[in-house]
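Single-letter residue listing:
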Amino acid sequence: MNWDDDTAAEAPDAEARIVDAAAEGDDQAVEAALRPKDLSEFIGQEKVRGQLDLVLKAALKRGATADHVLLSGAPGLGKTTLSMIIAAEMNAPIRITSGPAIQHAGDLAAILSSLQEGEILFLDEIHRMSRPAEEMLYMAMEDFRVDVIVGKGPGATAIPLELPPFTLVGATTRAGLLPPPLRDRFGFTAHMEFYDPSELQRVIHRSAGLLDVEIDPAGAAEIAGRSRGTPRIANRLLRRVRDYAQVKADGVITREISEAALSVYEVDSRGLDRLDRAVLEALLKLFGGGPVGLSTLAVAVGEERETVEEVAEPFLVREGLLARTPRGRVATPAAWTHLGLVPPQAAGPGGAASGAGTGQQGLFGA
């Protein structure tokens, strides 16, 4: 079970979603109790885990601080957890802050000047740090010093401040926004991948044990299949299914209990929730599968354009249910199948849903 406390990159305001990968409300407190403490407990991300293990053990053998580490990937995959594991493996304290909290170079200078030798500085959403602070970080990472500017105008002077050796662990959900000079200063970079269902089942069984919940393999598999490849979502769904099992059944989570509970929370067999299905249903039923413009689609589902684009679409595209084209959004054959609908071209000769004018000929064949 691994996930992190990253928040999604400024997702638009929307109703709370059980399948949201960002940490919400009591998630952070629960996650703190469930987090693995060392690399041997960390499930999944095999390549990243193996590479990081070598980096940390080599640094310990040299008696030196570890190289700076950059972790990228979607929210909920384990970036914060890995940063804490790095500190534990290096027997070092950890300081946690975030890019949005550092708006001025002075903010960063205050943090850096108070670090202890060998300390781990975890900088979440590092791509959202201010430019002046970012430029100060270059020198701090490379030379372990910063220049503090005293005074203003022609009389301003730069006072060099030596820093103790430290390890910066940066986390980002949008690695492409990092400037190359900053990215190049990290000695080790890793991209966190989405989990496959078998890995999520192991996450769920581990979390169930820590939560003192009885769950059978079929029940864990059902939850894993609806968790969008994200450990944080898997653990959130597990807790909701646990609640259902304790109130409506004997407390044991089986496949039937998982299906019934997740039906209550409107999470379907592929992990789609109400908003996801509303987007697909509008695209298929109102617009014949598209293409349709984003603004028109947003009006049809009663949501803001940004909510549809940044909250619903990424998962639908990743699942192969929706495609973005120059002409607009288009449903794929898998979307019709998932909702149990018949594509217009398959509706029969001369039928009302013959597909004329829907723009689907190029997708399904005319």
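What counts, and at which threshold
- Residues numbered from 1 in each chain as written.
- Predicted model: local features only at pLDDT ≥ 70, side-chain atom pairs only at ≥ 80, totals over all residues.
- Heavy atoms only, no water.
- Helix = DSSP H or I, 4+ residues; strand = E, 2+ residues; numbered from the N terminus.
- Buried < 20%, exposed > 50% of the residue type's maximum accessible area, 1.4 Å probe, protein only.
- Areas by Shrake-Rupley, 256 points an atom, 1.4 Å probe, with all protein chains shown as cover.
- Contact = heavy atoms within 4.5 Å.
- Pairing = 2+ DSSP bridges.
- Core = buried A, V, L, I, M, F, W, Y, C linked by side-chain atoms within 4.5 Å.

Peer 1: Looking at this structure, how should I read the overall build of the protein chain?
Peer 2: Helix and strand counts for the protein chain come out as 15 helices and nine strands. The buried share of the protein chain, reckoned over its 366 residues, is 48%. Entry remark: accessible area of the protein chain is about 16400 Å², with carbon and sulfur atoms responsible for 52%.

Peer 1: How should I be thinking about the environment of leucine 322 in this particular structure?
Peer 2: Structurally, leucine 322 can be placed in strand β8 (residues 322-325). Owing to a relative accessible area of 2%, leucine 322 belongs among the buried residues under this scheme. With 39 residues separating them in the primary sequence, leucine 322 and leucine 283 have C-alpha atoms 9.2 Å apart. Apart from residues lying up to four places away in sequence, leucine 322 is in contact with Val279, Leu283, Glu313, Leu316, Val317, Arg329, Val330 and Thr332.

Peer 1: What is the right way to look at the pairing of strand β7 (residues 188-191) in this model?
Peer 2: It is a general feature of regular strands that their side chains alternate between the two faces of the sheet. Residues of β7 alternate between two faces, with Phe188 and Ala190 buried on one and Thr189 and His191 left unburied on the opposite face. As paired strands, strand β1 (residues 69-72) and β7 are joined by four bridges and run parallel to one another. By the bridge assignment for β7, serine 72 is matched with histidine 191.

Peer 1: I would appreciate a short explanation of the nonpolar core in the present structure.
Peer 2: The nonpolar side chains of a soluble globular protein tend to be buried, and buried together. The biggest cluster of nonpolar side chains holds 49 residues, and the ones touching the most others in it are Leu52, Leu82, Ile86, Ile204, Ile215, Ile223 and Ile253. Tallying contributions element by element places helix α9 (residues 231-248) first for this core, with seven residues. Leaving out residues up to four positions away in the same chain, isoleucine 253 has contacts with Val213, Glu214, Ile215, Asp216, Gly219, Ile223, Leu238, Val241, Arg242, Ala245 and Ser258. Listed in part, the 24 residues of the second largest apolar core include Leu163, Phe166, Leu178 and Phe186.

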